[in-house]
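Coordinates in review
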Amino acid sequence: DPAMRLAVSSSAGLTPLADDAGLASQPTLSRCAAMLARPANLKVLREATLELAGRNLRVENGGARRDRITLDVDSLPIEVHGHQAKAEWNGHYGARIYHPLVTSIAETGDMLDARLRPGNVGTADGALDVILDVVDRATASLCKITHVRIDAGFPSGALMAGLDGRGVHYVARLRANAALDRLAAPHMKRPPGRRPMEPRMWTHELTHQASSWDEPRRVVLVVKERPDDLLLDRFFLVTSISRFQMNGQALLDYYRQRGKAEGHMGELMDVLNPALSSTNRAKSHVRGKKPKTAAPAVDAFACNEVRLLIAMLAYQIMHVARRAMARATETAWSLRRLRERVLRGGARLVTSARRATLILAGAVAPFWAAIWPQIQILRGASP
């Protein structure tokens, strides 16, 4: 409650913590979200999400940018209930959803960006503009070179041409089609000899140009055995990385690392569970009275994007804390464990004329002694 009062109040100093100040009400929170949803404020909030991740990575890298990072871009269904702005029924997920585009780093678990989209858009809708924007900001803040790793719903001629034009390497899974199956047919035969107990896997180099592509591209065919199945399975990867930089097996191993990004997004939804519940209802009362003129409705879609970005900022702060706990205790920490063991500890707030002192329970004080200096370091890790 004290933190919420300070976050949404426009009063200076410790005034929001006075005994007669009252709790932060739902209208107060709604006004705060509407203020943050203004275009200028929303831009700063989006930049803060990536900058917080950048400060964490620079601290861990001795204050310098990393040589290379890989951006994992994927869509994320967020189910909603009601008549939220631009929330639509999506037949693939069988629910009424928003369909945001999330950018993260699988290797480190940092979240960089989220763009809220209507629920009925395709997976790759608007992906090129989002990816290029995040690439530019990541190159300025996080690293010298960026690679992009995407799923089968994203590759298109325009997207790959745009990344090629910026010199950004990518690897993506391709959906199978008749043309690719014809290229794969000569390789879909099991080699002679007895089948071993462990399933095998092979990679084959191909060159393919779809009708929507501006030029031929490197495609890696991955053929694998399935237990208790006589037929071979296959899938395809398309990439701008040459075979001299990364052979077929190395490219497959590199692509499979994107599974970690999906795990981090699962943590975001499981632990923080962002509730995108703003709707376009015009105000009927202001401070308990009916307005003299009709008050315009807020931009509910932008307010929901604010809530999503705040959830990502909360994830990022918890991620910094759990990495600090992992270094301090030499054991792995999940966000759920951090929430239950560290964040949900008891505390007492003591205010005086000039300062507010938070007294933590003895059970969580050693944990906070380990993570608080790490969080404070981020303040000095500006570009």
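To keep things clear, this report deals only with the structure shown in the data block.

Conventions and cut-offs
- Residues numbered from 1 in each chain as written.
- Predicted model: local features only at pLDDT ≥ 70, side-chain atom pairs only at ≥ 80, totals over all residues.
- Heavy atoms only, no water.
- Disulfide = S-S within 2.5 Å.
- Pairing = 2+ DSSP bridges.
- Helix = DSSP H or I, 4+ residues; strand = E, 2+ residues; numbered from the N terminus.
- Axes fitted to C-alpha atoms, helices over the stretch in contact; angles between N-to-C directions.
- Contact = heavy atoms within 4.5 Å.
- Phe/Tyr/Trp six-rings, centres within 6.5 Å; stacked < 30°, edge-to-face > 60°.
- Buried < 20%, exposed > 50% of the residue type's maximum accessible area, 1.4 Å probe, protein only.
- Lys NZ or Arg CZ within 6 Å of the ring centre and 35° of its normal.
- Patch = residues over 30% accessible without salt bridge, like charges linked within 9 Å, V, L, I, M, F, W, Y side chains within 5 Å.
- Areas by Shrake-Rupley, 256 points an atom, 1.4 Å probe, with all protein chains shown as cover.
- Salt bridge = Lys/Arg side-chain N within 4 Å of Asp/Glu carboxyl O.
- Parallel < 35°, antiparallel > 145°, perpendicular 65-115°, else oblique.
- Nonpolar A, V, L, I, M, F, W, Y, C, P; charged D, E, K, R; others polar.

**Observations regarding the state of the cysteines**
Cysteine pairs can be linked by a disulfide, which is a covalent bond between their two sulfur atoms. As enumerated under the stated definition, the model contains 0 disulfides in all. Here C32 stays free of any disulfide, with the sulfur of C303 as its closest cysteine sulfur at 9.9 Å.

**As for the sheet that holds strand β8 (residues 169–174)**
One open sheet accounts for 8 strands, arranged β6-β5-β1-β7-β8-β11-β10-β9; its pairing is mixed. One side of each edge strand has no neighbouring strand; the edge strands of this open sheet are β6 (110–115) and β9 (201–208). If you compare each strand with its neighbour and ignore which way they point, the axes differ by 20 degrees on average. Here strand β10 (residues 217–224) pairs with strand β11 (residues 233–239) via 7 bridges, running antiparallel. Bridged to V223 within β11 is R234. The sheet strands contacting helix α9 (residues 300–329) are β5 (101–105) and β6, and the helix crosses β6 at an angle near 180 degrees.

**Quick look at the packing of aromatic side chains**
What the rule picks out here adds up to 3 aromatic pairs. When the ring of W333 is compared with that of F367, the centres are 5.7 Å apart and the planes differ by 75 degrees; the resulting orientation is edge-to-face. Within this pair, whereas W333 is found in the loop between α9 and α10 (335–343), its partner F367 is found in helix α11 (residues 365–377), the two being separated by 34 residues in sequence. Of the two residues examined, W333 and F367, each falls in the buried class. Both rings, one in W368 and one in W372, keep their centres 6.3 Å apart while their planes meet at 50 degrees; by these two values the pair is tilted. One end of the pair, W368, and the other, W372, are both in helix α11, 4 residues apart, so they sit about a helical turn from each other. On the accessibility criterion, W372 (44% relative accessible area) is partly exposed. Here R149 stacks its cationic end above the ring of Y254, 4.8 Å away from the centre of that ring. A cation over a ring is seen here: R337 above W333, with NZ or CZ 3.8 Å from the ring centre.

**So, the sheet that holds strand β4 (residues 95–98)**
Neighbouring strands of a sheet are bound in pairs by backbone hydrogen bonds; such pairs are parallel or else antiparallel. Pairing is antiparallel across the open sheet formed by 3 strands, whose spatial order is β2-β4-β3. Because the sheet does not close on itself, it has two edges, and the strands there are β2 (78–79) and β3 (88–90). Here β2 pairs with β4 via 2 bridges, running antiparallel. Each residue of the ladder has a partner; that of I78, found in β4, is Y98.

**Concerning a nonpolar patch on the surface**
Nonpolar side chains collect at one region of the surface, where L349, L358 and L360 lie side by side and expose about 240 Å² of accessible area between them. Its place among the elements puts L349 in strand β12 (residues 347–351). Its relative accessible area of 33% is what places L349 among the partly exposed residues.

**Considerations on the packing of helix α8 (residues 259–272) against α9**
Packed helix pairs are specified by the crossing angle of their axes together with the interaxial distance, meaning the distance between the axes. Packing of α8 against α9 brings their axes to within 11 Å, and their N-to-C directions diverge by 105 degrees. Taken as axis vectors, α8 and α9 run roughly perpendicular relative to one another. Mapping the contact onto sequence places H264, E267, L268, V271 and L272 in α8 and A311, A314, Y315, M318 and R322 in α9. The class makeup of the residues in the contact of α8 with α9 is 7 nonpolar, 1 polar and 2 charged.

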